[in-house]
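# Summary of structural features
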Amino acid sequence: MKKITIDNLISEMTLEEKASLCSAADAWHTKKIERLNLPSVMVSDGPHGLRKEDDSPAHFGLLESIEAICFPTASALACSFDRDLIENVGNALGKECQSEDISVLLGPGINMKRSPLCGRNFEYFSEDPYLAGEMGAAFVNGVQKNDIGTSLKHFAANNQEWRRMSISAEIDERTLNETYLTAFEKVVKQAKPWTIMCSYNQINGEYSCENKELLTDTLRDKWGYEGLVMTDWGAMNDRVKALKAGLDLEMPSSHGETDKLIVKAVNDGTLDIETLDTAVRRILTLVDNSLDSKDKHSGFKYDMEWHHEIAQETAENCAVLLKNNGALPLSKNQNIAFIGEFADNPRIQGGGSSHINCHKIDTALNCVKELADVTYAKGYNTDNEQTDENLLNEALNTAKNADVAVIFAGLPDAFENEGFDRTHIDMPKCQNELIEEICKVQKNVVVVLHNGSAITMPWLGKVNAVLEMYLAGEASGAAAVNLLFGIANPSGKLAESFPMQLEDTPAYLNFPGNRDKVNYNEGIFIGYRYYDKKKMNVLFPFGYGLSYTKFRYDNMKINGNDISESDFSFKDNENVNVSVDITNIGDVDGAEIVQLYIRNHIDEDNRPVKELKDFAKVKLAAGETKTVTFTLNFRSWAYYNETIHDWYAPSGEYKILIGASSRDIKLQKAVSITSTTKIPFVVNKSTTCEDVERFAKNKAPLDEMLMKCVKAQHKEESPKTEEEELKDLKCGFGGVPLHSTLSFTPDELKYEDIQNAINEINKGE
């Protein structure tokens with residue numbers, strides 16, 4: 001079905017057939033039109049694995065899914081800071097979709113981690129929009145290189161589960177664009193996803209599915225998106241308004257009810273047929289692309305064991321070593337105790353629409369048998385928080401007789417899941433008590449964590465090492481063992497900040513809101529942007545992670561010039577190249593994640609202390625040095641300005657920071673940036689005299705107006721000249737609005753004088 005055929009099909013369709021295409025046939029398939037030989041295509045849940053529901057007769061209505069590979073969830077994947085690794089995962093998933101006759105994988109999710117309480121944070125990449133966008137683009141590129149579509153979600157501002165289908169996220173224009181849309185923009189422009197899934201929630205009182213400013217003005221007109229927009233499952237509100245706004249496909253089936261509304265609207269003239277035809281054309285284009293893909297890849301099957309190995313390698317590259325006082329790596333000659341139910345039954349994924357029926361699951365307890373003899377104690381139950389005294393005592397006896405106790409802990413399914421938010425950021429009480437008690441009988445304690453989001457660690461000062469696995473997929477057990485024994489070297493870094501306590505978090509007073517609204521009063525300051533601005537201590541900062549080796553940062557250059565010898569000045573639209581040498585100064589091979597931040601020193605608007613603008617993961621043999629190069633562009637310096645409704649980089653000094661984390665800056669250099677954009681300055685009666693002095697091109701009309709007052713009051717015997725008195729008057733009037741000058745000046749100043757001055761100043765802008 002070629003595009004000329006698409007036009008022919010549209011011309012042959014009845015109004016009812018066109019309307020019918022705009023909603024699904026069932027939970028997973030678009031509608032077919034047999035009269036025109038138009039087939040349906042299938043979509044499937046993702047994003048870290050294929051959740052294709054088994055439609056065999058034996059499983060009808062049971063909502064069981066086929067066996068598939070469970071890769072690490074997004075919360076883990078983002079800690080790799082590795083575009084190539086993420087693209088490789090996407091590539092594997094694309095191949096699995098080909099094998100299972102899936103046309104669109106529903107993912108990735110790139111919503112911001114506004115609060116660690118969001119129950120679905122395990123499906124999202126980061127608190128940072130740049131990192132989330134880069135990870136999302138790599139994932140989409142990986143999937144779509146197999147001629148399989150993705151569905152970027154949830155567009156937009158879906159940052160909580162509580163009342164997610166109705167609540168209105170109240171967000172100002174700058175915060176929405178700068179924080180909550182940036183990741184979507186990056187993926188749209190860099191990877192061109194076949195489809196985008198709108199979110200359930202409202203934004204400033206309007207549902208995402210019928211938000212023209214979001215779906216057309218921003219997504220299509222500003223960003224140039226040409227693909228299809230679908231609803232999240234059950235997100236449709238007003239079907240005709242949604243069509244007009246740019247929403248093409250309603251998922252899942254609405255039993256034909258909303259199709260009737262479309263037909264009625266066209267017939268009564270409240271919906272243009274052209275608007276309907278546009279949506280139909282996008283749906284047919286998706287079907288066309290899917291049919292081409294099936295022809296090209298017919299009969300393809302993938303090797304599940306090979307993909308399981310990819311899942312393990314990925315998990316090893318995502319894990320974050322949070323603490324190590326020499327306890328790791330372990331030696332197979334040690335007397336080792338594995339403690340905790342997660343050693344034998346690991347939590348590898350979150351629940352809900354992304355839950356995968358795993359091909360197989362590696363447990364740490366089984367995998368360690370190939371390396372060393374270990375003793376095991378269950379320690380706790382995951383089905384409740386209460387301490388089982390028998391399990392605790394068994395664990396204490398096991399731990400005190402070992403050289404090292406490795407405790408596998410974290411969050412059970414009941415603590416974080418799709419459909420509800422967390423109420424705190426603590427681990428279960430029984431697990432915290434277990435760790436505390438074991439530390440009393442064993443001085444060498446290692447904790448391995450399985451969780452989808454940030455947690456508190458009241459026992460952190462008492463243990464020797466902490467390895468954060470996140471929800472690392474079906475091969476997490478094998479990956480954990482390899483990392484513990486040094487077969488793999490930890491190289492991940494945190495894609496989110498770990499706060500000291502829940503009360504420290506940016507949205508604490510505004511999460512999850514009331515029944516109708518949630519106010520994003522923290523604005524752009526989420527994650528490390530907030531903690532840096534407030535100069536607050538955190539448990540672990542954004543970008544943090546340790547290794548079994550050490551790295552040295554040297555020789556920072558800008559456009560090839562040594563930073564100690566040159567001053568740098570650029571226009572905001574010039575590309576700037578930054579390079580730095582990274583050396584592995586340890587004894588083992590490893591990988592370092594080099595992070596580039598921009599610090600803004602311009603007091604023109606309230607901006608973060610620093611923002612991530614690029615990163616690179618570099619693999620280094622022991623003793624090896626490599627040069628890492630970054631390219632900065634206009635958006636590296638810019639923020640979203642509400643006056644011009646666009647991005648703006650003010651003139652002034654910025655600093656380029658090279659660091660190992662957001663709070664471990666190794667090298668830096670100041671640069672001067674000159675803006676090529678002029679912010680229009682429009683004066684009105686409420687404009688202050690100070691702002692006229694600072695921003696107006698033509699300040700003379702204000703001087704002339706105030707000089708009239710000076711002349712009326714100036715006395716010849718005055719020791720000051722009129723010019724000196726004018727200067728004093730302007731200084732005194734700094735924060736006074738123009739309309740208020742009438743109250744503090746002689747009768748000679750009239751209202752008309754103020755209005756004339758305003759008109760003259762505005763002529764010069």
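Residues numbered from 1 in each chain as written. Predicted model: local features only at pLDDT ≥ 70, side-chain atom pairs only at ≥ 80, totals over all residues. Heavy atoms only, no water.

### As for empty space enclosed by the protein
Under the definition given, this model contains six cavities of 30 Å³ or more. If you add up the space inside the largest cavity, you get close to 100 Å³. Residue lining of the largest cavity: Lys113, Arg114, Ser115, Pro116, Glu127, Glu496, Ser497, Pro499, Thr505, Pro506, Gly527 and Tyr531, and that is the complete set. By residue class, the composition of the lining of the largest cavity is four nonpolar, four polar and four charged. (1 Å grid on protein atoms, 1.4 Å probe; cavity = no way out; pocket = protein on both sides within 12 Å on 5 of 7 lines; lining within 4 Å. Points joined across faces, edges and corners; volume = space filled by probe spheres on them. Nonpolar A, V, L, I, M, F, W, Y, C, P; charged D, E, K, R; others polar.)

### Details of the sheet that holds strand S20 (residues 551–558)
Strand pairing in a sheet relies on backbone hydrogen bonds, with the paired strands running either antiparallel or parallel. Spatially, four strands are ordered S21-S20-S23-S26 in an open sheet, and the strand pairing comes out antiparallel. In this open sheet, the two edge strands, each paired with only one partner strand, are strand S21 (561–562) and strand S26 (625–632). Both S20 and strand S23 (residues 576–584) contribute to a ladder of six bridges, which runs antiparallel. Looking at the pairing, Tyr553 lines up with Ile582 of S23. (Pairing = 2+ DSSP bridges. Helix = DSSP H or I, 4+ residues; strand = E, 2+ residues; numbered from the N terminus.)

### Concerning unusual backbone geometry
Cis peptide bonds are those with omega within 30 degrees of zero, and the linkage from Lys153 to His154 qualifies with -10°. Structurally, the position occupied by His154 is in strand S4 (residues 149–155). Notably, Phe81 is not glycine yet its phi reads approximately 50°, a positive angle. Topologically, Phe81 is positioned in the loop between helix H3 (74–77) and helix H4 (83–99).

### Comments concerning the nonpolar core
Ranked by internal contacts, the top residues of the largest apolar core, which has 193 residues, are Phe155, Phe338, Ile339, Val406, Ile438, Met457 and Leu484. Of all the elements, helix H5 (residues 129–144) adds the most residues to this core, at nine residues. Discounting chain neighbours no more than four positions away, the residues touching Val406 are Leu330, Ile336, Ala337, Phe338, Ile339, Val446, Val448 and Leu484. Formed by 33 residues, the second largest nonpolar core is a distinct cluster that contains Phe568, Val576, Ile602 and Val628. (Core = buried A, V, L, I, M, F, W, Y, C linked by side-chain atoms within 4.5 Å. Buried < 20%, exposed > 50% of the residue type's maximum accessible area, 1.4 Å probe, protein only. Contact = heavy atoms within 4.5 Å.)

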